[in-house]
Amino acid sequence: MAANAVATFGANAPGEAMADTLKTHSTPTILNWQTLANSTLAWRTLSFLLVFAIWELGSLTGFSIAFPRASEVSLAIWHMLMSGELAIAYADSLPPLLTGLTITVFGGVIIGVSIGLARGAEWFLMPLLVILQTAPVSAIIPMLTYVYGISDTSKVVAIVILGLPLVALNSYKGIQATNKSLLEMSRSFLLSRADTIRLVILPSARKMIFAGLRLGVSGAFIGIVLAELLITPTGIGDLITYNRSIARYDKMFAAIVSILALAAITLSLLQWVEDRLFGVGSKE
Amino acid sequence: MGRRPVVWRGVKGMKDATMTPSTLHDLDVILKTEDIGVEYENGTVALDGVSLDIPEGQLTALLGPSGCGKTTLLKVIAGLVTPNRGTVTVRDTAIDGPGRDRALVFQDFALLPWATVLDNVAFGLRASGVPRKVRHETARHYISEVGLSGFEDKYPHELSGGMRQRTGLARALCVQSDILMMDEPFSAVDEQMRRKLQEDLLELLKVERKTVIFVTHSIEEAVYLADQVVILSGRPGKIASIVRPDIDRKGDVDVIRRQPHYVELVDEIWGSLRRYVE
């Protein structure tokens, strides 16, 4: 059922892509619809409304009592915001999430870049990362309870083991994919190793690094929700489990939608950072 | 001018082939390779005993079939490949890697895709510790010299192949080294553009006094451009012969390309290369 809600955010992507193509092909006109077609916001709103409508109609058929209408869920979000329920839940979830995200983002990039640059680190860390990436990590999350108990540390570790390998592996691949000819060129123009990394290797790897970061951030959100569902019944995970157990499906969906919204906002923020850092082609 | 070319042909073994032509005694040798041997990790011998003199201020072409080790030889001279044996000396000093005295132009241009023409050209000076302003001033000068004025702020993907190679050339000129090395510089551009670039290169070299070593697989290009053509035979790479074309380059290009002497020489080199290709 959560897949339906996911579609709300996933549906943004094609709309965006379409808006981009239109942007490049059409010249500004006075026609209203065309200006509208050029606006990313308009496409986003449209796709959101479309999914909202399908959801609303779908649940009206009443095929399951555990599938509330979109309008009911919206209302539940509003009530939970007002009553402070969401605020209380997020007060529990946000601190470990932020810690975990920070470690995932910075630790992942640093580890990935170092194994890309140093042979020794590659031999040492690669097998571990590959296992973490391919193993069904959610299966070992309950085991964290034995080590760290029911604590924020468990949540942070869950986030990091789900997110960090993705960031590290992509950063590593990005570094490895540096054009050999550019490296040879840097050597022939006597560039120091540090400058080669700063001016050639990192800029050429940045697309892969940011692709890894997007995957890692998604992984981190999966990590926090899994941890709160499976080990520590607190925060947003508790809100989901509790409302399910008392059959308040509108509130359960409200909690799910809220965490999806937060994930979407975080990813947009990441995009914004990437655009700010490398937006109009990096100058020397 | 216009006299018969002097051809030394190594019939058996190396020694004959590396015989220094008498005319070379009048020229200063700026770079020398002695008994260069390169063997790849898989056991393939890429170069075997290559000894070569590069006369100062002249254009030397390294010519040969694919896989004859000509690019490897250029990279050894550039200091990018360390030979298993033998030495490269520049003005009697042995090299131990890339140096400020040599600048390389790459076959695939090797431009930074995220940097503008100006930044790409100035990139060559990055390691020299010159302030950014000076780097850019120098870069602008060479950008105009290779005929790219007005394209300073363009990115490589916005340029044609010929313009990208001009950018690569400007970057190599920017470091103001005496020796300019070019690895099949015009192979990635179309035929018309190649001719234009060849002519422009000759024009440019009248202004910039450089020693040029370039790798090519085109006999016409070697004869048209070079003062000295070094013909390499493949597997393992050895010097087969050295030819000094001595083409009269005054006057119209198309006339030059129709000179009997030019045509004869191309045929002759093709005759000597044919057996390595078959």
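The rules behind the values
Residues numbered from 1 in each chain as written. Chains lettered and ligands numbered in written order. Predicted model: local features only at pLDDT ≥ 70, side-chain atom pairs only at ≥ 80, totals over all residues. Heavy atoms only, no water. Helix = DSSP H or I, 4+ residues; strand = E, 2+ residues; numbered from the N terminus. Buried < 20%, exposed > 50% of the residue type's maximum accessible area, 1.4 Å probe, protein only. Contact = heavy atoms within 4.5 Å. Areas by Shrake-Rupley, 256 points an atom, 1.4 Å probe, with all protein chains shown as cover. 1 Å grid on protein atoms, 1.4 Å probe; cavity = no way out; pocket = protein on both sides within 12 Å on 5 of 7 lines; lining within 4 Å. Points joined across faces, edges and corners; volume = space filled by probe spheres on them. Nonpolar A, V, L, I, M, F, W, Y, C, P; charged D, E, K, R; others polar. Patch = residues over 30% accessible without salt bridge, like charges linked within 9 Å, V, L, I, M, F, W, Y side chains within 5 Å. Salt bridge = Lys/Arg side-chain N within 4 Å of Asp/Glu carboxyl O. Core = buried A, V, L, I, M, F, W, Y, C linked by side-chain atoms within 4.5 Å. Phe/Tyr/Trp six-rings, centres within 6.5 Å; stacked < 30°, edge-to-face > 60°. Pairing = 2+ DSSP bridges. Axes fitted to C-alpha atoms, helices over the stretch in contact; angles between N-to-C directions. Polar contact = N/O pair within 3.5 Å; in protein donor to acceptor, adjacent residues only side chain to side chain. pLDDT = per-residue confidence, 0-100.

Caption draft 1: Layout of the overall build of chain A. Of the regular secondary structure elements, chain A holds 13 helices and 0 strands. Secondary structure elements of chain A, listed N to C terminal, follow the sequence α-α-α-α-α-α-α-α-α-α-α-α-α. Counting the 284 residues in chain A, one finds 41% classified as buried. Within chain A, contacts between residues separated by at least 24 positions form 72% of all contacts whose residues are at least 6 apart in sequence. Accessible surface for chain A amounts to roughly 15200 Å². Of this, 71% is attributable to carbon and sulfur atoms.

Caption draft 2: Quick peek at empty space enclosed by the protein. Counting across every chain of the model gives 2 cavities of 30 Å³ or more. Roughly 80 Å³ of volume is contained in the largest cavity. What lines the largest cavity is A:Ser188, A:Phe189, A:Leu190, B:Gly99, B:Arg100, B:Arg102, B:Gly124, B:Leu125, B:Ala127, B:Ser128 and B:Val175. A per-class count over the lining of the largest cavity returns 5 nonpolar, 4 polar and 2 charged.

Caption draft 3: Quick peek at a nonpolar patch on the surface. Residues and elements named next belong to chain A. Together, Ile140, Met143, Tyr146, Val147 and Tyr148 line one region of the surface with nonpolar side chains, adding up to about 580 Å² of accessible area. Structurally, Ile140 is set in helix H8 (residues 137-148). The class of Ile140 is partly exposed, set by a relative accessible area of 37%.

Caption draft 4: A look at the nonpolar core. In this structure, B:Leu62, B:Leu169, B:Leu180, B:Met182 and B:Ile269 are the most contacted members of the largest nonpolar core, which totals 92 residues. The leading source of residues in this core is helix H5 (residues 161-174) of chain B, at 6 residues. Setting aside residues no more than four positions away along its own chain, B:Ile269 makes contact with B:Leu63, B:Ile219, B:Val223, B:Val229, B:Ile231 and B:Val243. Of all hydrophobic cores here, the second largest spans 41 residues; its members include A:Ala89, A:Val217, A:Phe221 and A:Leu270.

Caption draft 5: Just the pattern of salt bridges, in detail. Residue and element names in this part refer to chain B. In total, this model carries 23 salt bridges over all chains according to the counting rule given. Residues Lys133 and Glu137 are paired through a salt bridge, measuring 3.8 Å at the closest nitrogen-oxygen approach. Highlighted residues: Lys133 and Glu137, both in helix H4 (residues 132-145), separated by 4 residues, approximately one helical turn. Here Glu191 makes a salt bridge to Arg194, at a shortest N to O gap of 2.8 Å. Of the two residues, Glu191 and Arg194 both sit in helix H6 (residues 191-207), 3 residues apart, roughly one turn of that helix. Through salt bridges with shared partners, one network takes in Asp35, Asp48, Arg85 and Lys238.

Caption draft 6: Structural view of the packing of aromatic side chains. Residues and elements named next belong to chain A. Scanning the entire structure with this criterion turns up 4 aromatic pairs over all chains. Here Phe67 and Phe253 contribute two aromatic rings whose centre-to-centre distance is 6.1 Å and whose plane-to-plane angle is 70°, an arrangement assigned as edge-to-face. Remark: Phe253 occurs in helix H13 (residues 249-278) and Phe67 occurs in the loop between helix H4 (40-60) and helix H5 (70-83); sequence separation between them is 186 residues. Comparing Phe67 with Phe253 shows no difference in burial state: the two are buried.

Caption draft 7: Seen up close, the sheet that holds strand E2 (residues 29-39) of chain B. Residue and element names in this part refer to chain B. Pairing is antiparallel in the open sheet, where 4 strands are placed in the order E3-E2-E5-E6. Among the strands making up the open sheet, the edge pair consists of strand E3 (45-55) and strand E6 (93-94). Two elements, E2 and E3, share 7 bridges in a ladder whose sense is antiparallel. Residue Val38 lies in a different strand from E3, and its bridge partner there is Leu47. Relative to the sheet, helix H2 (residues 70-78) contacts E2, E3 and strand E5 (85-90), its axis offset from that of E3 by approximately 60°.

Caption draft 8: Summary view of the pairing of strand E9 (residues 211-216) of chain B. All names here are of chain B. For E9, the tally of buried residues reaches 6 of 6 residues, placing the bulk of the element in the interior. Residues Thr211, Ile213 and Val215 line one face of E9 and the alternating positions Val212, Phe214 and Thr216 line the opposite face, and both faces are buried. Pairing geometry for strand E4 (residues 59-63) and E9, over 5 bridges, is parallel. Within E9, the residue paired with Leu59 across the bridge is Val212. In this sheet, E9 lies alongside strand E8 (residues 179-183) in parallel orientation, the contact comprising 5 bridges. Bridging from a neighbouring strand, Asp183 pairs with Val215 of E9.

Caption draft 9: Examining the interface of chain A and chain B more closely. Between chain A and chain B, the contact holds 20 residues from the first and 30 residues from the second. For the pair chain A and chain B, the interface holds 1 salt bridge. Among the salt bridges present, the one from A:Glu184 reaches B:Lys75, with a minimum N-O distance of 3.1 Å. Viewed at the interface, chain B and chain A are joined by 4 residue pairs in polar contact (both at pLDDT 80 or more). Broken down by secondary-structure element, the contributors of at least two residues to the side of chain A that touches chain B are helix H10 (180-188) and helix H11 (193-230) of chain A. Among the elements that make up the side of chain A that touches chain B, the one with the highest residue count is H10(A) (7 residues). Here the residues of the side of chain A that touches chain B sort into 9 nonpolar, 6 polar and 5 charged.

Caption draft 10: Looking closely at the confidence of the model for chain B. Residues and elements named next belong to chain B. For chain B, the average pLDDT comes to 82, and 90% of its residues sit at 70 or higher. Within chain B, helix H3 (residues 117-123) carries the highest mean pLDDT (93), whereas helix H1 (residues 14-17) carries the lowest (38). Within the model, pLDDT remains below 50 along residues 1-22, and this stretch shows 44 contacts once partners closer than five positions in the same chain are excluded. Taken over the whole predicted complex, pTM reads 0.76, whereas the ipTM for its chain interfaces reads 0.83.

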